[in-house]
Amino acid sequence: MQLITTMLLDGLSYASYLFIVSVGLTIIFGVMKILNVAHGAFYAWGAYGAAYTIGLASDNDWPDWIGFLLIFGSAILVGLVLGAIIERVILRKMYHEEEVLIVLATFGIFLILEDIILLVFGVNPYFAYQPMALLGSIKMGGIIRDVYSLTLFGLAILVALGCWYGLNKTKWGKLLSVVIYDREISLAMGINVQMVYLVTFVLGATLGALGGAYIAPTISVAPGFGIDVIVLSFAVVVIGGMGSIPGALIGALMVGILRAIAVHKFPEFELFVIFGVMAVVLMIRPEGLFAPEKARRI
Amino acid sequence: MLATAWNDKTIRWAVIGVGFLAAIGWLLPTWVLNNVMFGLARGLAVLGLLVLWRTGLVSFGHALYFGLGAYAVALLEKYTGLTDVFVKFGAAILVAGACGFLLGFVLRNYRAIFFAMLSLAFSMVLYGVLVKMEVLGSTDGFSVTQYTIFGWDPEGKYPLFCFIILACVVALTIVQLYLKSALGFLTTAIRDNERRVEYLGYSVARAIHIKYLISACLAGAAGGAMAMALGQVDPDSMVNWTVSGELVFITIMAGAGSVVAPFIGAIVFEFLRTYAFEWAPQAWQLIVGGTLLAIIFFLPGGIWSVLEKPWAKRETDDG
Amino acid sequence: MRSRVFKMLGRTMLAGGALAVAAAAGPAIAKDTINVGIATFLSGPAAGPFGVPGRNGAELVIDAINAGTLPAPYAKAGFAGAKMNAIFVDEAGGNAKQVGEYRNLVEKRGVDAVLGYISSGTCMAVTPVAEELKKLTILSVCGTPRVFEEAQRTYVFRTQAHAVGDSIAAAHYVLDKFKDMKSYTGINQNYAWGQDSYKFFDVAMKKMAPETKASDNPQFPKIFAGQYGTEISTLSLDSAKLVHTSFWGGDIEAFVLQALVRGFFNDKQVISSVGGSAVDSLGKKFPDGVVMGTRGEYGLLVRDNKEPLNAWFVEEYKKRYDAYPLGPSYQYANSVLALKIAMDAAAEKAGGFPNQEQTMAALKGLSWQSFGGKISLSLADGHQAVHPVGYGITKWDKEKGAATAVDVKFYQPECIYAPAGQNSVEWLEAGMPGAKC
């Protein structure tokens, strides 16, 4: 029983993390049909931004709760700056190209951004444990857990609700669905599609950066940790259905809980289960578990 | 058959060029020889990607076959002590081909981004297994220390270089002949309009399956050759998704214009990497990434499109 | 001024003499500089905690040797009179890439020797290539004994003792200081170093204290995984109180941070064989009471040791890099020093600038006073080093504002390594016959 609770909590906590890092990816894919490899770089930049500013705050003896503001602040800053530059300078010129070529371009962007991190921040690791230390720990299901990781649930729910509200209840969300449905007609009807794309990409980038920024206090922020995140979030997004937000939620839950079970009971299969599930889902339902049905265009 | 091959201008020039390479190989400094050898080995995998790309398919998971080939060679040596290059190379192709044949049944029904993602998933499954299993070397991988040719235990890498060159010529000839066959001509037709091909009475799925099998065998051969040339296999430099990304990168950089292009592209890539690593060790990814973007924007036909013009001119002269 | 002129004169004469002898006996021609490739992590998660301190240690000692400012008995400038030009290369990116880089160093850049390597994985990968290319290679940090026990090596040396000693010393320390430990588990990276470290610790515990119980679920996450939430839960659920870890290079920092908030260190007794970097980088955040090893008389355990070479090293390192030298700083410095001693000795014996064979002959079986105690290349036919290995318990010193170690205890080589010529694993499994503790 205790084992089951623990696995469930571990799984949920990891799932929340996965959802936050991959929801940006799925939004960008849903609207722009771009599989954005540079997402891993946004994640890394978000983490570096947060770790760097939290370190500064701590050096200047600012109160620890400032750390939470800095997490969100640096995520938004990274999303705005990097997202806007990349969309306007590079991607905008590529929308007429094949999907796969755009994926490659984002791969190039990823490589470049990774090395700029090295040049800007150096190789020494950054620590930003203050927010995690501030929240302390709590005993749940027989073992002690840190409250900070539990707040990931809250953040994940908040992000999910925010996306749902934004897409379904605002004028902006309706605009988005129109653009997703038919880009040419939207253009003809006078919708500023370029603007929609820019905002979507910045939003996706910000969410990716938020994933990194929020996880930064729990890890040693060091070069090269964006690489694994990319395929992990690909797996989540593909399992749930590319472009679907509830899909990302389900995908994250499946991967998170299966991984927790694997680590506890069959540690050798930790990575195997994640990509195994991805492959199986793709074979059975290529559009993912939750993809909206689409009419085939001839 | 041989005569047909010789009549093909690309094959003829490739054989001459590669024969020249083999002849001067022993004069080259060892490091140049090594880099050319790595380039040729990787070029085999890129040639496989080119076969798919002509149909409009891009695999982000060919590291699966590259890795299978490499590990087949390493495990064969470790557990059976067999070191003959032909046996090793054959095993690499066989293992990769068998896997490609089976997965082909699934993948032949997929297109575009779904094809790319499913290949990625399959390759990451192999990565996940290798990394976590101690008997398969986990993240360390294995050394590949020896090679023999029909019982002869040569000194140095030059004989292996010649062997890889031979493999490249064979692969290049087969692919060129295939692309010029009726089945091969379907390649571009499928890319342009699948329905039309079906109406003509061809099975698109089967055509794609054959292409996939060819490209899997080539990638497996590449992995096997790479393992022997380098003397080491490990999951991060041979099976991870970044390796698939690199292969696709070289495909784009080389251009799809000719079956020779992958080898030129791969050799250029090896030298680019060696020098980037020497001059700017902290920024070599930046250089590779920058090159990738530059090629996409300014040289969409890849390196081949630059070489093609004088080539095409000679063709008219010949004709 | 005058002394400089004399020095130069002396050097010229020496070189002249060397040349004359070289011409006669046919060894290598005297050189002004030797090029040495030094591999260490310059990117990726291991760069900060391991690679850069290692490079700093090497750099410091190379500059001192080139300038002739090392303390006695190593005050003579140069490597057999030649200055070393170090070419640092990045060890990150996977074993296959490292093998390629190694070939480039030797075949393209024509180095005279290769030094370094931190990861056991890389060492295993480059060793056969070093033998193939016949290039003198001195491994600095990596720990798996497999490097020398899978085959006899000719061109490869290691100036650091292997993981068997670290694990046996860990078992001794635990049994000496924590008599009430009934069971143990571990969290180690899933590759040569982590697998070996835990396996040796496990066997040593079984042989030395058969009544203790091993957990049936030790954890082996992928190296550089970064997030250990689930693993920490698993260890917390485990009834074993003692947790062995050989985490290093960024992973130990991440693990400590994540475990700390969860009160892990109140519940469990952690023994870390090589986590010294985290003690410094986390400062007062690092929990007291962790058993910490440094794989030799290095770093945290010998910070206040006044032995002259160690004192010089700590002081100069602090002056130049504004930090304490860590284990890797010592390990790289020791490799550089070993090369100098061997080359100087070989030069003397040959009466001229030594060639690679002469240097290797001098290096074989060498025993020398290093920056961290005495090191002897006494295993694997004179290729593999042994030296004492110690553990201590971490304690934050409020007054000094610095990390310290208390209850430090070193175990001598006779106690923790198999006698020369024996396979470590077989010796360990036979119950360590002949060990003198």
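Look up: the structure comes first, before these words.
What you are looking at is a predicted structure, and each value in this text was computed from that prediction instead of being measured.

Right, let's get into the interface of chain B and chain A. Much of the literature gives interface size as the accessible area that the parts lose upon coming together. Taken together, the contacts link 35 residues of chain B with 33 residues of chain A. Where the side of chain B that touches chain A is concerned, the elements lending two or more residues are α6 (112–132), α12 (241–254) and α14 (284–298) of chain B. Looking at which element gives the most residues to the side of chain B that touches chain A, the answer is α6(B), with 15 residues. Taken together, the residues of the side of chain B that touches chain A sort by class into 27 nonpolar, seven polar and one charged.

Here we come to the packing of helix α3 (residues 30–53) of chain B against helix α13 (residues 261–279) of chain B. All names here are of chain B. Here α3 crosses α13 at 130°, and the two axes come no closer than 7 Å. The orientation of α3 relative to α13 falls into the category oblique. The chirality of how α3 crosses α13 is right-handed. Packed against α3, whose contacting residues are N35, V36, F38, G39, L40, R42, G43, V46, L47 and L50, the element α13 presents P262, F263, G265, A266, I267, F269, E270, F271 and T274 at the interface.

Mapped onto the fold, A:D115 is located in helix α4 (residues 99–121). The spatial distance from the C-alpha of A:D115 to the C-alpha of A:G224 is 8.9 Å, given a sequence separation of 109 residues. For A:D115, the contacting residues outside a window of four places in its chain are B:Q282, B:A283, B:Q285 and B:L286.

What follows concerns unusual backbone geometry. Residue and element names in this part refer to chain C. Backbone torsion omega between A72 and P73 reads 5°, so that peptide bond is classified as cis. Mapped onto the elements of the fold, P73 is located in the loop between α2 (47–67) and β2 (83–90). At R295, a residue that is not glycine, the phi angle is positive and equals roughly 65°. For R295, the position within the fold is in the loop between β10 (291–293) and α12 (308–321). The exposure class assigned to R295 is buried, which follows from the 29 C-beta atoms found within 10 Å.

With that settled, consider helix α12 (residues 270–284) of chain A. With 15 residues, α12(A) extends 22 Å between its outermost C-alpha atoms, agreeing within 8% with the 21 Å of an ideal straight helix rising 1.5 Å per residue. Counting buried residues in α12(A) gives eleven out of 15 residues, a clear majority hidden from the surface. The set of residues buried in α12(A) consists of A:E270, A:L271, A:F272, A:V273, A:I274, A:F275, A:V277, A:M278, A:A279, A:V281 and A:L282. Packing partners of the buried residues in α12(A) comprise α10 (227–240) and α11 (245–265) of chain A together with α6 of chain B.

Parameters and conventions
- Residues numbered from 1 in each chain as written.
- Chains lettered and ligands numbered in written order.
- Predicted model: local features only at pLDDT ≥ 70, side-chain atom pairs only at ≥ 80, totals over all residues.
- Contact = placed C-beta atoms within 7 Å.
- Helix = DSSP H or I, 4+ residues; strand = E, 2+ residues; numbered from the N terminus.
- Nonpolar A, V, L, I, M, F, W, Y, C, P; charged D, E, K, R; others polar.
- Axes fitted to C-alpha atoms, helices over the stretch in contact; angles between N-to-C directions.
- Parallel < 35°, antiparallel > 145°, perpendicular 65-115°, else oblique.
- Left-handed = near helix turned anticlockwise from the far one by under 90°.
- Buried ≥ 20, exposed ≤ 12 C-beta atoms within 10 Å, placed from the backbone.
- Expected span 1.5 Å × (residues − 1).

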